[in-house]
Structures are given as structure tokens and as C-alpha cells.
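Descriptive structure summary
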Amino acid sequence: MTSATDSPLPAVTRLIATDLDGTLLRDDKTLSDRTTAALAAAEEAGIEVFFVTGRPARWMDVVSPHVQGHGMAICGNGAAVADLHEGRLLKVYPLDRAIALDMVAVLREAAPGVSFAVELTTGIHYEPAYPPFHMDPGATVALAEKLLHEEAPGAGTPVLKVLAHHTELAPDAFLTLARDVAGDRASFTRSSPTALLEISALGVSKAGTLAACCAERGIAPAEVVAFGDMPNDVEMLSWAGASFAMGNAHPAAVAAASGVTLTNDEDGVAVVIERILAAR
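What counts as what
- Residues numbered from 1 in each chain as written.
- Predicted model: local features only at pLDDT ≥ 70, side-chain atom pairs only at ≥ 80, totals over all residues.
- Heavy atoms only, no water.
- Helix = DSSP H or I, 4+ residues; strand = E, 2+ residues; numbered from the N terminus.
- Buried < 20%, exposed > 50% of the residue type's maximum accessible area, 1.4 Å probe, protein only.
- Expected span 1.5 Å × (residues − 1).
- Arc of directions from axis to C-beta.
- Contact = heavy atoms within 4.5 Å.
- Pairing = 2+ DSSP bridges.
- Axes fitted to C-alpha atoms, helices over the stretch in contact; angles between N-to-C directions.

Section: the environment of P8
- Of note, P8 is situated in the loop between β1 (2-3) and β2 (15-18).
- Relative accessible area serves as the criterion here: at 59%, P8 is assigned to the exposed category.
- With 47 residues separating them along the chain, P8 and R55 place their C-alpha atoms 30 Å apart.

In C-alpha cells form, the structure reads like this:
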């Protein structure tokens, strides 16, 4: 594994794809002046910057001012493409409600004590035992089966993902368990330091949606540099022509990346962007 200063970069970098929490954002959820300047310089040099995150679009205010001309971000681990300038979703890759209900039933049996939240295109709702979302005070609190119920097939608001939380299982063990019992029916990943799983439609990932966005622009994987720190970044780090795990990254992200940069609190993304620009 090579470092931020000696890992090979694409001959031509046309797009930078970066995760947010634990990657671009510092631990206090802010952008440093150095990182802000590096993002602006990349855009000025003609390099597109895509924010690719597990966050929903409504939690993107921390970086919305730094999305330039295209105004787009990939949210919900690839389940949605959002126009942050206009505040609307451009594309959605939903989780079928019947499959979501199956995943709830399977995990209730496989991991007693699990609790769930349901992320819809209109907001998040969660069970009484689930850790509350203080950023979403209008959420409905009810059992997942009720939250996922719809009067007729296709009548409900699209589901972006289901979240499953456990208070006792180790995070990686919980992920492995879920993939073992239901990985053939949905996509399971994690981005939290706690035992919190994120369940999307089968095949949905940051990499898949980023690949579709790049194809629309005629951008090849070899022209993309990606950054991430957690298991939900693994596919994206593997797909990009050059990729960097943060110094604070999960071992799975480190294994998937072609290089390692400094931590998120040390401006690890900015260090690489500055190197890209210096080489142009």
C-alpha cells in the first residue's frame, strides 16, 4: 500500500469522488479552510467533484455550498442522485418494500434485539427502540412493519434504505451475519462505528451509481480518483482508477484502495487534490 505522496495518479483526472463523514469532513463535521480551497481549485481546473455519501440529501447542508456547476451529489450509499442546487432528487434506486419487510423479518430472527429505521425519499422514521434522530424531529415512531406497510403495491413513498441497529453485536460481526443470511436479496453495508447496518436494493452501491453518472459524462474509471474510510466505500474505492483510504480508515477500505492518505482531521483529501493539481 502506497502513501498519498507516492501512490500513482491517473494520467488525466477528470473527476474526484469523495465520501463525507470520516473522509472529507473533520470529526467535528466541518470542512477545513485547506479542504475548502482544494475543492474550489479542483473545480476551477476543470475537475468535477462528486460528494458520494451515505447521508440523505437533506443532511448535505454542510457541503452544499461547495457543489459547483452540476450541483449533484450521490446520497444514501448510491440509492439517490440529488441536485443540491434545486433541492430535489434526480434519480432513485429504491428498495422494494416487500424485500425490505423480508429483511426486517430475517434480521429479527437472526439477531434478536435489533431495531430498525426506514429512510424514505421524504424523510426517516424509526422504531421506539432505535436511537432517535435529533436532526429529524418530525419522524414517525412505530414498528418497521407498520412503517413499511402500503395500502396497495407501489402506492407508498419510495424506500431508499432500511437501517438496522444492534446494541450488543460487534459492528463487523453484525454485517457478516446479515450478509450470510440475506446477502442474496439485498445489499448490506455499514458506515457507522456502531453496529448499524444500511440495507439497500440488491446491487445498489456508491460505485454503481457513480459509474452511471460517469458514463453519462463520458468519464472512464481510470479518470476518477476516489476517497473513503468505511465498508460502504469499498466498492467505490475498488472501481476508481486511483483511490485513497483515509489514515483513519477501516481495514476493508484500506484493502480496497490503491493508496492511503492522511486522516480526515489532517486534511487527507486536500493533500491528494493538491498533488493532482501540482502535476497538471
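Some details on unusual backbone geometry
- Unusually for a residue other than glycine, K29 sits at a positive phi of about 70 degrees.
- Along the polypeptide, K29 turns up in the loop between α1 (20-24) and α2 (33-44).
- Positive phi, close to 60 degrees, is recorded for N77, a residue that is not glycine.

What about helix α6 (residues 206-217)?
- The end-to-end C-alpha distance of α6, which contains 12 residues, comes to 17 Å, matching closely the 16 Å that a straight helix rising 1.5 Å per residue would cover.
- Residues K206, A207, T209, L210, C213 and C214 constitute the buried set of α6. Buried residues in α6, looked at end-on, bunch into an arc of 165 degrees, giving them a common side.
- On the buried face of α6, the contacting elements are β2, β3 (48-52), β4 (72-75), β5 (80-83), β12 (224-228) and α7 (234-239).
- A positive phi of about 70 degrees marks G218, the residue just after α6.

Structural notes on the environment of A11
- Among the structural elements, A11 can be located in the loop between β1 and β2.
- Since its relative accessible area comes to 85%, A11 is described here as exposed.
- Expressed as a C-alpha distance, the spacing of A11 and A222, which sit 211 residues apart in the sequence, is 8.5 Å.

Let's talk about the sheet that holds strand β7 (residues 115-120)
- Here five strands make up an open sheet; going across it, the order is β8-β7-β9-β11-β10 and the pairing antiparallel. Since the sheet does not close on itself, it has two edges, and those belong to β8 (123-126) and β10 (186-189), each with one partner. Going from strand to strand, the sheet's axes swing by 25 degrees on average, the running direction of each strand aside.
- Examined bridge by bridge, β10 and strand β11 (residues 196-201) share four bridges and lie antiparallel to one another. Paired with T189 across the strands is E198, a residue of β11.
- Together, β7, β9 (159-165), β10 and β11 form the strand contacts of helix α3 (residues 97-110), whose direction differs from that of β7 by roughly 165 degrees.
- Running over the sheet, helix α5 (residues 171-182) touches β9, β10 and β11 and is turned about 170 degrees from β10.

No statement about biological role is implied by the geometric values presented.
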